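# Structural characterization, general
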Amino acid sequence: MLLVARKNLFAERTRLAISVGGVALSVLLIMLLLSLYRGWDEKVGGFVEDSEVDVWIASEGAKDFLAAASLLPAGGQEGQTAASFLDSQPDIEAWSPLVVRQMEGVKVEIEDDGEEKIGKEMNLQFIGYDQATGLGGPLEIVDGEGDPTGDEVVVDEALRKRYGVGVGDLVKAGGTNWTVTGVSTGGDFVATQTVFVSHERAQAALSMDEKTTFVVVKMKPDGDVPGFVETVESADPRFVAFTREEFAANTRERILSNVIPILLMVLGLAFIVGLAVSGLTIYTATVEKQREYGILKAVGFKNSFLYRVVLEQSLVTGVLGFSVGVGLTIFITLFASDFVPQFVTYVRPVDIAFVAAVTLVMSAIAAYIPVRRLASIDPVAVFKA
Amino acid sequence: MAASNGVILGMDGVTKVYGSVDSATVALDNIQFNANAGEVVVIMGPSGAGKTTFLTIAGALLQPTSGTVTISGQDITNMGEKGLPDVRREKIGFVFQSFNLLESLSALENVMLVMTKDRAHGEAGKNRAKELMSIMGLNNRLNSLPKNLSGGEKQRVAIARALANNPDLILADEPTANLDAKRGREVMLLLRQIAYEMHKAVVIVSHDHRIREVASRIVWLEDGTFRSDVETAKDPVCSRVVEVAGAPQVEHIGVLFYFCGEQCQKIFQATPEKFSDAAA
């Protein structure tokens, strides 16, 4: 780094602190928004992506996991026809019906006098799955048992974290008191969390006799997934089928498509704030040192040298601001979800690299106007006392 | 390196005109001037005479309208902005009235900063800067910031900086104007030492009467031309050198005193005894 740039920068520590603070704040905001987006993206699509289900079959009009306005036959004549059709497909390894419905529930504590103490309302993603195949069931059991029967449920660990629901507790939903027998991971959709019961019990609890929400299919390792999707859709126009990737993408889109424009706008504002703070401080620093830049010109330094001085000051400010901003981001994301459960973040190295590039661009732009000012300095002015 | 004939700064028929045809102002008019190695040339003249224009053209900061300027034998007249900074940095040392040190750099760093790459390399550059500071008597002020230096010390640092690249030509603009009598004299003697011992051409633009003491030659610039037939005197109030002809004057105890303007004349008249001894 050039001596003049370093000395100028560190001689005015208050200004440096303001400048670095401004960039750090901007970086923090950008990083938090990005990591929040990544966290939500991971959570919302993660369950579909991480399950063993290769193809999701729904009724026409439904296209994602969360808006499960799908109703498929799971019994009777139609159900048997569907089952025969699926059984006849050579590429299928296993299939099963899956009931999914969003509902509200509460944690219930029975007090000594027999009274029920009702906890806070929880948004649940109520899932009835076939335990024989396990398709669409809990991804991983981290506490208790994994195969709920009767009025037993397995809840996602996010429910335990947010509402203190654990093994042995009662959860009241759909008029039934469910006993928690296990805790699983991977079922946090940020706004809702999974609660798993057996498929038969879910049908009964939700009055969905001979009906189900989805049919989930696991293909053989060499099975033709796109071919099977096409076969399903051409067999009956009332049914649609999606590959795992399509279904995950659709699920993400439902939640994040409304969030992305807001995120982009705030990202833009954060960029402008950082640019304005670093630009203004670099500009005022340059104007204050205008006479000194004139001296340097007079004694034989070229404009390119002066540009480097300003650019280096701006870049060092940017690098310091970036380091502080990223450090703060990592610190905040470590603890934020403990205080605000919806604050689900995921800091990816590629995003850090992206923000580093954004900061460099910010610093370069911040130096542009001061550099233009340098070009117009007349070195003859230094002869004036 | 000095030109073989000893001429460091040469100006031949240099004219500088500011403005366009209707509002043209002639700042320098067909100037002939040489400054040789080993001499101190002092340029004096009234305000608006063209001294700053002379200095900026000599300092490769401004191009003349016509005429030729050479420094150490190199014609710089038509050199573009790409080449002139190198000439300024390598061939000319500047000493300014208001010192013009960089405030965030120490005294030593101010000297090292201007060194060209071949001189600034590693310890050699630092040693040269220290040597120059030592010549200026500033061994104990190497790491001081300019704000902690006296005026005289600042000007000595500025002179060390001017010598950093061992240039042939030193241009000094009112080098003693911001210094008291003692510090001003020290600086004058240093400039003379530089000319005589280091064999540089030192060109000083000044109003200060005291600077005559170190001059090898004094030239009078007025209305853009050098005049040789000028009788000058020292203003007893502000110590400026003034041209006798046309200057306000006062006779006191049989001696004629000349002034740069009415203000100094009035001050003198209020308490002449306060100034007449000094003038003598």
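None of the values given here were measured: they were computed from a predicted structure. (Residues numbered from 1 in each chain as written. Chains lettered and ligands numbered in written order. Predicted model: local features only at pLDDT ≥ 70, side-chain atom pairs only at ≥ 80, totals over all residues.)

Size of an interface: often given as the accessible area lost when the parts come together. Residues and elements named next belong to chain A. Per the domain assignment, the segments making up chain A are domain 1 (3-45 + 258-383) and domain 2 (61-237). Computed from C-alpha coordinates alone, the two centres of domain 1 and domain 2 are separated by 48 Å. Facing the six residues of domain 1 at the interface are six residues of domain 2. (Domains from an automatic or database assignment. Contact = placed C-beta atoms within 7 Å.)

Through backbone hydrogen bonds, the strands of a sheet pair up, either in parallel or in antiparallel fashion. Residue and element names in this part refer to chain B. Strand order in this open sheet of four strands is β2-β1-β4-β5, and the pairing throughout is antiparallel. Among the strands making up the open sheet, the edge pair consists of β2 (25-36) and β5 (74-75). Note that strand β1 (residues 7-18) and β2 share nine bridges and pair antiparallel. When the bridges of β2 are listed, M11 appears paired with F33. The strands touched by helix α1 (residues 51-58) within the sheet are β1, β2 and β4 (66-71), with β1 carrying the most contacts at an inclination of about 125°. (Pairing = 2+ DSSP bridges. Helix = DSSP H or I, 4+ residues; strand = E, 2+ residues; numbered from the N terminus. Axes fitted to C-alpha atoms, helices over the stretch in contact; angles between N-to-C directions.)

Residues and elements named next belong to chain A. With their axes 9 Å apart at the nearest point, helix α1 (residues 3-11) and helix α10 (residues 303-339) run at an angle of 50° to one another. Classified by the angle their axes make, α1 and α10 are oblique. α10 is crossed by α1, and the crossing has right-handed handedness. Residue-level inspection shows V4, A5, N8 and L9 of α1 in contact with α10, the latter providing V309, E312, Q313 and V316. A class-by-class count of the residues in the contact of α1 with α10 yields five nonpolar, two polar and one charged. (Parallel < 35°, antiparallel > 145°, perpendicular 65-115°, else oblique. Left-handed = near helix turned anticlockwise from the far one by under 90°. Nonpolar A, V, L, I, M, F, W, Y, C, P; charged D, E, K, R; others polar.)

A separate point is the environment of A69 of chain A. Residue and element names in this part refer to chain A. Mapped onto the fold, A69 is located in the loop between β1 (55-59) and β2 (72-73). Residues A69 and F214 lie 145 residues apart in sequence; the distance between their C-alpha atoms is 9.8 Å. Setting aside residues up to four positions removed in sequence, A69 forms contacts with G61 and A62.

Residues and elements named next belong to chain B. Under the domain assignment, chain B is made up of domain 1 (7-227) and domain 2 (232-279). The interface of domain 1 with domain 2 comprises seven residues on the first partner and six residues on the second. Of the residues belonging to the side of domain 1 that touches domain 2, the class tally is three nonpolar, two polar and two charged.

All names here are of chain B. If you walk across this open sheet you meet the six strands as β6-β7-β8-β3-β9-β10, and the pairing is mixed. Edge positions in the sheet fall to β6 (92-95) and β10 (225-227), since each of these pairs with one other strand and no more. Neighbouring strand axes in the sheet, compared pairwise and without regard to direction, differ in orientation by 25° on average. Across three bridges, strand β9 (residues 217-222) lies against β10 in antiparallel orientation.

All right, on to unusual backbone geometry then. Residue and element names in this part refer to chain B. A positive phi angle, close to 60°, is found at A60, a residue other than glycine. Mapped onto the elements, A60 comes out in the loop between α1 and β4. The class of A60 is buried, set by 25 C-beta atoms lying within 10 Å. The phi torsion at N166 lies on the positive side, around 50°, for a residue other than glycine. Mapped onto the fold, N166 is located in the loop between α6 (151-163) and β7 (169-173). The exposure class of N166 is partly exposed, given the 16 C-beta atoms found within 10 Å. (Buried ≥ 20, exposed ≤ 12 C-beta atoms within 10 Å, placed from the backbone.)

Another point: the interface of chain A and chain B. The interface is formed by 17 residues belonging to chain A together with 22 residues belonging to chain B. For the side of chain A that touches chain B, the elements supplying multiple residues, two or more each, are α1 and α9 (290-298) of chain A. Top contributing element to the side of chain A that touches chain B by residue count: α1 of chain A, with five residues. Taken together, the residues of the side of chain A that touches chain B sort by class into twelve nonpolar, two polar and three charged.

What follows deals with the nonpolar core. By size, the foremost hydrophobic cluster in this structure holds 126 residues, and its most contacted members are V111, L191, V202, V203 and I204 of chain B. Element by element, the count of residues in this core is highest for helix α2 (residues 13-50) of chain A, at twelve residues. In contact with V202 of chain B, not counting residues within four places along its chain, are V40, I170, A172, L191, I194 and A195 of chain B. Residues M122, F126, V180 and V197 of chain A belong to the second largest nonpolar core, which totals 51 residues. (Core = buried A, V, L, I, M, F, W, Y, C linked by C-beta atoms within 7 Å.)

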